[in-house]
Amino acid sequence: MDTKRKQDVMKMLDGMSEKDMDQFIAMLQSYRADKFGGANEAEEGNLIQDERVRLLKAKATEHLRELGVPQHIKGYKYLRHALVAVAQDGSLVEAITKALYPSVAQEFDTTPSRVERAIRHAIEVAWDRGDLEILDQYFGNSISRTKGKPTNSEFIATVGNLMVTELEELGA
């Protein structure tokens with residue numbers, strides 16, 4: 001919840017009588033039961049995790065589109081899956097070839113080497129066709145000047161970290 005909204009809620013609650021406060025709490029509990037269908041804490045946790053994954057997928061899609069990765073190539077769906085996985089578990093960035101590629105390959109019934117190649121191709125296509133200003137905004141000085149494009153690991157780490165930061169700002 002953003003600061004402005006918190007301040008508005010605090011102002012509203014500050015002037016409430018005890019009876020109004022009880023009604024407000026009952027209303028919140030009723031809303032919670034309606035929203036989560038009377039779910040227990042574990043089910044609520046799963047619902048929250050599902051919502052986080054949905055938001056991560058939406059953020060990955062948004063960033064890949066903005067960076068110019070075409071949706072029709074295999075590397076797009078592999079990159080999207082990899083970005084969501086890295087945003088959920090940052091340690092995967094340190095194990096791209098040992099853990100991330102095999103995980104993506106298993107999900108899509110292919111091999112880790114095909115995943116690596118398809119992701120590399122998607123990045124190359126984005127670099128060739130994408131808006132250079134936007135690419136520079138994302139990667140700036142973090143890429144190798146000799147190759148001119150980020151490695152798979154650099155791309156996944158940069159965009160994945162950005163996604164995590166954006167979700168934290170949303171409070172998700």
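For the structure given in this document, a descriptive report is provided here.

Calculation notes
Residues numbered from 1 in each chain as written. Predicted model: local features only at pLDDT ≥ 70, side-chain atom pairs only at ≥ 80, totals over all residues. Heavy atoms only, no water. Helix = DSSP H or I, 4+ residues; strand = E, 2+ residues; numbered from the N terminus. Buried < 20%, exposed > 50% of the residue type's maximum accessible area, 1.4 Å probe, protein only. Areas by Shrake-Rupley, 256 points an atom, 1.4 Å probe, with all protein chains shown as cover. Contact = heavy atoms within 4.5 Å. Salt bridge = Lys/Arg side-chain N within 4 Å of Asp/Glu carboxyl O. Core = buried A, V, L, I, M, F, W, Y, C linked by side-chain atoms within 4.5 Å.

Within the protein chain, the secondary structure is distributed over eight helices and zero strands. Secondary structure elements in the protein chain, listed N-terminal to C-terminal, are α-α-α-α-α-α-α-α. Out of the 172 residues belonging to the protein chain, those deemed buried represent 33%. About 11100 Å² of surface is accessible on the protein chain, with carbon and sulfur atoms providing 49% of the total.

Next up on the list: unusual backbone geometry. A positive phi angle is found at Asp 109, which is not glycine, with a value near 55°. Among the secondary structure elements, Asp 109 is positioned in the loop between helix 5 (96-107) and helix 6 (112-129).

Secondary-structure assignment places Asn 152 in helix 8 (residues 152-170). The buried category is assigned to Asn 152, whose relative accessible area is 8%. Remark: the alpha-carbon pair of Asn 152 and Glu 124, spanning 28 residues in sequence, is separated by 9.9 Å. Beyond its immediate sequence surroundings of up to four residues, Asn 152 is in contact with Tyr 101, Glu 116, Ile 119, Arg 120 and Ile 123.

Right, let's get into the pattern of salt bridges. Evaluated as defined, the whole model comprises five salt bridges. For Glu 62, the salt bridge goes to Lys 59, with nearest N and O atoms at 3.8 Å. In this pair, Glu 62 and Lys 59 both sit in helix 3 (residues 41-67), three residues apart, roughly one turn of the helix. Close ionic contact of Glu 166 with Lys 59 constitutes a salt bridge, the shortest N to O distance being 3.7 Å. With Glu 166 in helix 8 and Lys 59 in helix 3, this residue pair connects regions lying 107 residues apart in the sequence. In this structure, Glu 166 and Lys 59 share a single accessibility class: buried.

With that settled, consider the nonpolar core. Counting 39 residues, the largest nonpolar core has Leu 67, Leu 79, Leu 100, Ile 119, Phe 155, Ile 156 and Val 159 as its most contacted members. Sorting the residues of this core by element identifies helix 3, helix 4 (74-88), helix 5, helix 6, helix 7 (132-139) and helix 8 as the ones contributing at least two each. Considering each element in turn, this core owes the most residues, nine residues, to helix 4. When neighbours within four sequence positions are excluded, Leu 100 is seen to be in contact with Ala 82, Ala 85, Val 86, Leu 92, Ala 95 and Ile 156.

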